[in-house]
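# Structural overview for review
Here is what each chain is made of, one letter per residue.
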Amino acid sequence: MNIPKLVCKNLLRRKGRFIFTLLGITIGMASFVALLSLGGNMRGEVTKQAGALGANLIITPKNWCAYDQISILTGESLPESLQYDVLDKVSAIDGITAVPYLTQKTAVQNNPVLVTGILPGEMKDFKGWELKEGDYFVSPDERAAVIGSSIANQFDLGLNDVLTIRGGRFPVKAILQATGSNDDASVYLPVSVVQEIYDVEGYISYIAAKVDDITRLDSYIAAVVDVANVAVTSDRQLLSSVLAILGAVNTTLQLIAGVALIAAAFGIVNTMMTATYERRREIGILRAIGAKSSAIFNIFLLESGLYGLLGGVTGVAAGFVVSVFAAPLIAQSDFTALLKGAAPTASLDASIVLRAILFSIVISIASGLYPAWKAAKLTPVEAISHYE
């Protein structure tokens with residue numbers, strides 16, 4: 001008895017039922033894989049953006065919520081909530097180098113764009129920026145703009161093109177070298193200029209700081225809190241908080257995808273139970289010619305496992321295709337704007353592929369256990385006496 005040949009023949013005996021059962025597991029696995037792929041990509045982007053921030057400490061107002069902290073990594077506009085003198089107090093602490101951020105919104109060619117007020121010289125040293133072309137600011141209050149590479153590419157901007165911001169005209173003086181972070185997606189002006197044109201004199205959004213001795217991070221945090229009524233978060237704490245929120249969202253979405261997998265599993269149970277009923281005479285003949293109960297059990301279990309293997313492979317392929325098309329749409333939401341620092345792509349490594357296919361096979365085999373047991377338990381007389 002050629003079991004593999006018999007299994008393949010049985011699967012294709014009812015082609016319509018085979019296709020629809022396979023589609024059930026494929027759709028369930030595709031949704032699961034798509035979410036795993038996108039989730040892995042977003043976690044990678046969050047980690048990259050945190051590294052690109054280049055800060056050991058983030059100093060914010062005490063009343064900021066978790067969403068505001070996320071916006072620091074996503075490069076979103078934030079309210080002007082800190083008084084500028086906080087920067088002076090923090091910078092006066094020995095061993096701390098601090099730079100301010102004042103983030104606002106403007107429009108370029110009717111598209112929203114982030115405007116970031118900075119201290120030009122200090123920020124260039126803090127970030128290690130390099131210029132792709134042009135000349136950097138020559139004074140801390142120069143009325144000109146330096147733009148990120150993504151802004152230049154998106155709006156086809158070059159040197160000496162003029163940006164109109166809140167009625168003011170600002171020539172593009174330089175374009176930054178691409179960093180692969182949110183730095184590429186902003187227009188930079190001196191902080192004093194942004195304060196003036198947005199009428200927020202004396203205020204900034206938040207402060208990023210580096211410390212000389214990372215082993216004394218707790219003492220630096222205590223020193224900042226002592227001199228100013230602010231909240232201080234380390235880069236690790238900020239990253240951990242954002243990843244925790246992202247992980248909770250990911251888990252919820254995967255549970256939703258799990259419902260589709262459960263539905264697909266019941267589809268396999270139904271298919272295999274129907275096959276058990278339809279093939280009772282065949283089972284009886286196999287038992288009569290000497291096939292053991294274990295052989296019948298293995299035949300049905302192999303059939304359900306093959307559904308899982310085929311459904312897993314097609315589900316992985318379909319899930320990756322879905323994630324490629326879904327990533328740009330998801331990146332447009334406020335929460336997942338963290339993908340905008342780089343081209344939104346789907347990531348699918350070998351471990352995800354193997355886990356997904358194995359998971360599909362395990363679910364399918366588990367779904368086929370009861371039908372296989374029912375088929376194996378039929379006696380030769382009981383099975384062969386069945387008439388359609």
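This one's a predicted model, so the numbers in the text were calculated from it and none came from an experiment.

### Notes on the overall build of the protein
When you go through the protein residue by residue, the secondary structure sums to 13 helices and twelve strands. In the protein, which comprises 388 residues, the proportion classed as buried is 49%. Across the protein, the fraction of contacts at a sequence separation of at least 24, relative to all contacts at a separation of at least 6, is 80%. Total accessible area on the protein is roughly 18100 Å²; 60% of this is exposed by carbon and sulfur atoms.

### A word on the confidence of the model for the protein
On average, residues of the protein score 81 in pLDDT, and 80% of them reach the 70 mark or higher. Of all helices and strands in the protein, the one with the weakest mean pLDDT is helix 13 (residues 380-384) (65), whereas strand 6 (residues 145-147) scores best (96). This model gives residues 333-345 a pLDDT under 50, and the stretch forms 39 contacts once residues within four places in sequence are excluded.

### Some details on the pattern of salt bridges
What the rule picks out here adds up to three salt bridges. A salt bridge links Asp183 to Lys127; the nearest nitrogen and oxygen atoms lie 3.4 Å apart. Highlighted residues: Asp183 in the loop between strand 8 (168-176) and strand 9 (186-190) and Lys127 in helix 5 (residues 120-127), separated in sequence by 56 residues. Overall, the relative accessible area of 12% leaves Asp183 in the buried class. For Lys127, a relative accessible area of 18% translates into the label buried. Glu142 is the partner of Lys173 in a salt bridge, and the nearest nitrogen-oxygen pair spans 2.6 Å. Residue Lys173 is located in strand 8, and its partner Glu142 is located in the loop between strand 5 (131-134) and strand 6; the two are separated by 31 residues in the primary sequence. For Glu142, a relative accessible area of 17% puts it in the buried group.

### A closer look at a nonpolar patch on the surface
A cluster of nonpolar side chains, namely Ile19, Phe20, Leu23 and Ile27, defines an oily patch on the protein surface of about 430 Å² accessible area. Position of Ile19 relative to the elements: it lies in helix 2 (residues 15-53).

### Some thoughts on the pairing of strand 7 (residues 162-165)
On strand 7, burial follows the alternation: Leu163 and Ile165 on one face are buried, whereas Val162 and Thr164 on the facing-out side are not. Sheet topology places strand 7 next to strand 8; four bridges connect them, and they run antiparallel. Bridge pairing in strand 8 places Thr164 opposite Arg169. In this structure, the hairpin formed by strand 7 and strand 8 is closed by a connection of two residues, where Arg166 is found at a positive phi of approximately 50°.

### Here we look at the environment of Thr164
Its place among the elements puts Thr164 in strand 7. Along the chain, Thr164 and Thr106 lie 58 residues apart, while their C-alpha atoms are 8.9 Å from each other. Residue contacts for Thr164: discarding those within four places in its chain leaves Thr106, Ala107 and Arg169.

### Notes on helix 8 (residues 217-227)
For helix 8, every residue scored as buried is listed here: Leu217, Tyr220, Ile221 and Val224. One face of helix 8 carries all of its buried residues, which in axial projection span an arc of 100°. Residues Asp218 and Asp226 are exposed on helix 8 and point more than 90 degrees away from its buried face. Its buried side turned inward, helix 8 meets strand 1 (57-60), helix 4 (85-91), strand 3 (96-108), strand 11 (206-211) and strand 12 (231-234).

### Digging into the pairing of strand 3
Judged by how many residues are buried, strand 3 sits mostly within the fold: ten of 13 residues are covered. In the sheet, strand 3 pairs with strand 11 via six bridges, with the strands oriented antiparallel. By the bridge assignment for strand 11, Val99 is matched with Ala208. In the sheet, strand 3 pairs with strand 4 (residues 111-118) via seven bridges, with the strands oriented antiparallel. Residue pairing for strand 4: Thr106 is matched across the bridge by Val113. Counting the residues in the hairpin turn of strand 3 and strand 4 gives two residues, including Gln109, whose phi is positive at 50°.

### Here's the deal with the nonpolar core
By size, the foremost hydrophobic cluster in this structure holds 44 residues, and its most contacted members are Ile96, Ile147, Leu163 and Ile165. Filtering out sequence-adjacent residues up to four positions away, Leu163 remains in contact with Val108, Ala145, Ile147, Leu157, Gly168, Arg169, Phe170, Val172 and Val187. Of all hydrophobic cores here, the second largest spans 31 residues; its members include Val7, Leu11, Ile268 and Ala291.

### Let's talk about unusual backbone geometry
The backbone of Gln109 sits at a positive phi, close to 50°, despite the residue not being glycine. Structurally, the position occupied by Gln109 is in the loop between strand 3 and strand 4. A positive phi is found at Asn110, a non-glycine position, where the angle reads about 65°. Along the chain, Asn110 falls in the loop between strand 3 and strand 4. Owing to a relative accessible area of 77%, Asn110 belongs among the exposed residues under this scheme.

Thresholds, definitions, all that
- Think of each chain on its own: its residues are numbered from 1, step by step along the sequence as written.
- Only residues with pLDDT of 70 or above have their local features reported here, since the model is predicted, and side-chain atom pairs are shown and tallied only from 80 upward, although totals for entire chains, interfaces and linings are computed over all residues.
- Side-chain numbers here rest on the full set of heavy atoms in the structure, without hydrogens or water.
- Under the scheme used here, helices are H or I runs from DSSP no shorter than 4 residues and strands are E runs no shorter than 2 residues, and both carry numbers assigned from the N terminus.
- Accessibility here uses a 1.4 Å probe with only protein chains present; expressed as a share of the type maximum, an area under 20% marks a residue as buried, one over 50% as exposed, and anything in between as partly exposed.
- We call two residues in contact whenever any of their non-hydrogen atoms come within 4.5 Å of each other.
- Where accessible areas are quoted, they stem from the Shrake-Rupley method and a 1.4 Å probe; at the residue level, only the protein chains shown are allowed to cover.
- Confidence scores here are pLDDT values: one per residue, from the predictor, ranging 0 to 100.
- Throughout this description, the term salt bridge denotes a Lys or Arg side-chain nitrogen within 4 Å of a carboxyl oxygen of Asp or Glu.
- Here the term patch refers to residues with relative accessible area over 30% and no salt bridge, with like charges joined within 9 Å and nonpolar side chains (Val, Leu, Ile, Met, Phe, Trp, Tyr) within 5 Å.
- For two strands to pair, DSSP has to find at least two bridges joining them.
- To obtain the arc, one takes the directions from the helix axis to the C-beta atoms.
- The set of buried Ala, Val, Leu, Ile, Met, Phe, Trp, Tyr and Cys residues whose side-chain atoms join them within 4.5 Å is what this entry labels a nonpolar core.

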